[in-house]
Amino acid sequence: MKTLALYLATALAEIVGCYLPYLWLQRNGSVWLLLPAATALALFVWLLTLHAQPAGRVYAAYGGVYIGMALAWLWAVDGIRPTAWDMLGAGVALIGMGIIAFQPR
């Protein structure tokens with residue numbers, strides 16, 4: 001459970017760090033959005049260092065969690081409910097993540 005929570009926190013930090021510059025560039029947001037964006041991306045990098053697995057394996061497994069978190073963001077922030085196809089794709093990605101992250105050691 002701790003591993004999954006760490007992956008979720010890592011994904012959220014990256015999404016926030018990328019979404020805020022998006023707001024600045026695409027939706028005429030304030031340039032001040034770049035400061036919390038940089039902070040979120042620094043947090044993202046730091047959180048990556050807390051994972052116990054080698055970096056390449058963390059990145060591979062993290063991709064599945066990122067997909068699921070991005071769809072949750074789509075719903076919660078953009079107000080667009082993910083389709084059944086979105087959910088199926090996220091489920092497949094999360095199964096792959098589980099295989100990579102929780103393999104026997």
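Conventions we followed
- Residues numbered from 1 in each chain as written.
- Predicted model: local features only at pLDDT ≥ 70, side-chain atom pairs only at ≥ 80, totals over all residues.
- Heavy atoms only, no water.
- Helix = DSSP H or I, 4+ residues; strand = E, 2+ residues; numbered from the N terminus.
- Buried < 20%, exposed > 50% of the residue type's maximum accessible area, 1.4 Å probe, protein only.
- Contact = heavy atoms within 4.5 Å.
- Areas by Shrake-Rupley, 256 points an atom, 1.4 Å probe, with all protein chains shown as cover.
- Core = buried A, V, L, I, M, F, W, Y, C linked by side-chain atoms within 4.5 Å.
- Axes fitted to C-alpha atoms, helices over the stretch in contact; angles between N-to-C directions.
- Left-handed = near helix turned anticlockwise from the far one by under 90°.
- Nonpolar A, V, L, I, M, F, W, Y, C, P; charged D, E, K, R; others polar.

A. Region of interest: the overall build of the chain. Across its full length, the chain carries four helices and zero strands. Across the chain, helices and strands are ordered from the amino to the carboxyl terminus as α-α-α-α. Dimensions of the chain, computed from C-alpha atoms along their principal axes, come out at roughly 50 × 35 × 20 Å. Per-residue burial over the chain gives 30% buried out of 105 residues. Across the chain, contacts joining residues at least 24 apart in sequence account for 67% of those joining residues at least 6 apart. For the chain, the accessible surface area stands at approximately 6,700 Å², while carbon and sulfur atoms represent 72% of it.

B. Seen up close, the nonpolar core. Counting residues in hydrophobic clusters, the biggest one holds 20 residues, and the most contacted among them are Tyr-7 and Met-97. Listed by contribution, the elements that provide at least two residues to this core are helix H1 (2-26), helix H2 (34-49), helix H3 (55-76) and helix H4 (84-101). Residues contacting Tyr-7, with those up to four places away along its chain left out, are His-51, Val-58, Ala-61, Tyr-62, Val-65, Met-97 and Ala-101.

C. Region of interest: the packing of H1 against H3. Relative to each other, H1 and H3 sit at 65°, their axes nearing to 9 Å. The element H1 and its partner H3 pack so that their crossing is right-handed. Contact residues: Leu-4, Tyr-7, Leu-8, Thr-10, Ala-11, Leu-12, Glu-14, Ile-15, Val-16 and Tyr-19 in H1; Val-58, Ala-61, Tyr-62, Val-65, Tyr-66, Met-69, Ala-70 and Trp-73 in H3. Class assignment of the residues belonging to the contact of H1 with H3 gives a composition of 16 nonpolar, one polar and one charged.

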